[in-house]
Amino acid sequence: MEKKIIRQIEKNSSEMIKGIKKIVKMPSVETKAEENAPFGKDIALTLDETLKLAESLGFETRNLDNYIGWAQYGEGDDYIGIIGHLDVVPVGECWKHDPFSAHEEEGYIYARGILDNKGPILSCLYALYAIKQLNVELKRPVRIIFGCDEETGFEDLKYYLEKEKPPVMGWTPDCKYPVVYAERGRAVVEISTEEKNIAEFFAFVNTYFMNAKPNAESLGLDYKSEEFGVNEMRNYKLRYEDGKVIFSVTFSYPVGLTVEKIISTIEEKSNGMEVKCVSHYTPVRFEKDSDMVRSLQNAYELVTGLDGTPVTTTGGTYAKLMPNIVPFGPSFPGQKGIGHLPNEWMKVEDLISNAKIYGLGIYYLANI
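Because the structure is predicted, anything quoted here is derived from the model rather than measured.

## Digging into the overall build of the chain
Each helix and strand in the chain was counted, giving nine helices and 20 strands. Computed over its C-alpha atoms, the radius of gyration of the chain comes to 22 Å, within 12% of the 21 Å expected for a compact globule of 368 residues. Projected onto the principal axes, the alpha-carbon positions of the chain cover approximately 70 × 45 × 40 Å. Residues classed as buried in the chain amount to 54% of the 368 residues present.

## Focus: the pairing of strand S3 (residues 80–85)
Across a regular strand the side chains alternate sides, sitting on one face of the sheet and then on the other. Counted residue by residue, S3 has six buried out of six residues, so it is predominantly covered. Neither face of S3 is open: one carries Ile-80, Ile-82 and Gly-84, the other Gly-81, Ile-83 and His-85, and all of them are buried. Of the strand pairs in this sheet, S3 and strand S7 (residues 169–172) are connected by three bridges, and their pairing is parallel. Residue pairing across strands places Ile-80 opposite Met-169, the latter belonging to S7.

## Digging into the packing of aromatic side chains
Between two aromatic rings, the relevant description is the distance of the centres plus the angle of the planes. With the rule as written, the count across this model stands at 21 aromatic pairs. Aromatic pair Tyr-177 and Phe-328: ring centres 5.2 Å apart, planes at 90°, arrangement edge-to-face. Here Phe-328 lies in the loop between strand S18 (325–327) and strand S19 (330–331) and Tyr-177 lies in the loop between strand S8 (175–176) and strand S9 (180–183), a separation of 151 residues in the sequence. Looking at Phe-328, the relative accessible area reads 0%, which means it is buried. Where Tyr-236 meets Phe-247, the ring centres are 5.6 Å apart and the plane angle is 40°; that geometry is what we call tilted. Of this pair, Tyr-236 sits in strand S13 (residues 232–241) while Phe-247 sits in strand S14 (residues 244–253); the two residues are eleven residues apart in sequence, bridging distant segments of the chain. Note that Lys-132 overlies the ring of Phe-59, its terminal NZ or CZ placed 5.9 Å from the centroid.

## Focus: the nonpolar core
Counting residues in hydrophobic clusters, the biggest one holds 72 residues, and the most contacted among them are Phe-146 and Trp-171. Setting aside residues up to four positions removed in sequence, Trp-171 forms contacts with Gly-81, Ile-82, Ile-83, Cys-124, Leu-296, Ile-325, Val-326, Phe-328, Tyr-358, Gly-361, Ile-362 and Leu-365. The next biggest cluster of nonpolar side chains, apart from the first, holds 24 residues, and it includes Val-189, Val-205, Leu-221 and Phe-251.

## Examining the side chain of Asp-149
Tracing the backbone shows Asp-149 in the loop between strand S6 (142–147) and helix H5 (155–163). For the buried Asp-149, which has no salt bridge, the nearest side chain bearing the opposite charge is Lys-158, at an N-O separation of 7.2 Å. Beyond its immediate stretch of four places on either side in the chain, Asp-149 contacts Glu-30, Phe-39, Asp-87, Phe-154, Glu-155, Asp-156 and Tyr-318.

Procedures and definitions
- Residues numbered from 1 in each chain as written.
- Predicted model: local features only at pLDDT ≥ 70, side-chain atom pairs only at ≥ 80, totals over all residues.
- Heavy atoms only, no water.
- Helix = DSSP H or I, 4+ residues; strand = E, 2+ residues; numbered from the N terminus.
- Rg over C-alpha atoms; globule rule 2.2 N^0.38 Å.
- Buried < 20%, exposed > 50% of the residue type's maximum accessible area, 1.4 Å probe, protein only.
- Pairing = 2+ DSSP bridges.
- Phe/Tyr/Trp six-rings, centres within 6.5 Å; stacked < 30°, edge-to-face > 60°.
- Lys NZ or Arg CZ within 6 Å of the ring centre and 35° of its normal.
- Core = buried A, V, L, I, M, F, W, Y, C linked by side-chain atoms within 4.5 Å.
- Contact = heavy atoms within 4.5 Å.
- Lys, Arg positive; Asp, Glu negative; His and termini not counted.
- Salt bridge = Lys/Arg side-chain N within 4 Å of Asp/Glu carboxyl O.

Okay, here's the thing in structure tokens:
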């Protein structure tokens, strides 16, 4: 059956690339909320067009008030869920081609969102389409979920979980290969004080953050895990608001450290400044020998012939909030730092390889 699925995906590859380009050409940067468009009209239009594409392939679809939508194959309550996103970061400058032209050159497609994340989630859709065409028997239904607010707040997924039950297993194609069995925790911490204390405030920020090592050594939070690596501070931001100066920092922290420990340590050293956590996602970890992780590892290894030993990531994906899913693809080893840059790209052959891996991943997970 694996060979049949791979052959069908190859047969559909031209149609898949055409469908991906159609959606990638739609600008879907978040704009001001409007009626029936919580993340702006461009994202709402992109979701609508994506669901129409899914319907044209014969899938049942549903739009949850333009927060998020899905396409499904099969019936039942316990479903396999694959979630990616249609929203993209702002374009920026220094593009060689129109960022929404889906320009193809020498086997590469250049476009904002081709990697992050329209190309990969549509590869999942077309992988499921091949399975549908072959009438492959699956024990569980499979749902491809199209998010609309991954880049700015996960409000789409929060809305989804208010309306729908989570999947029993699945993945998000918004990270890297091989299968990622664990993600670090992520906490955004704000430190603030009144303007009259500005000198003391800047002395504190300079000592413990701006002029300090990013592993939080000066704070005494240089925690290290063999699996996850070191605690990292990043994304420093400074602002003035309502008579207060506010410094924010993001901690990407390993399992074993807690957000409570981070907050209490900063409070001890801040001499009465206000310290609060404004956003937090706990670490995510699955056993490397679980059925889900092993099945996805097998799919990756069969298609690529590469070592699929599961890995961890310092990044953050929908897996932070959606239960029972892991990050899985789309970037292959050696492909890093492409998604948010000018001239974002993805190889046509990699899109096809992704679809093959995802096709086998669907087949394996849906039949566990």
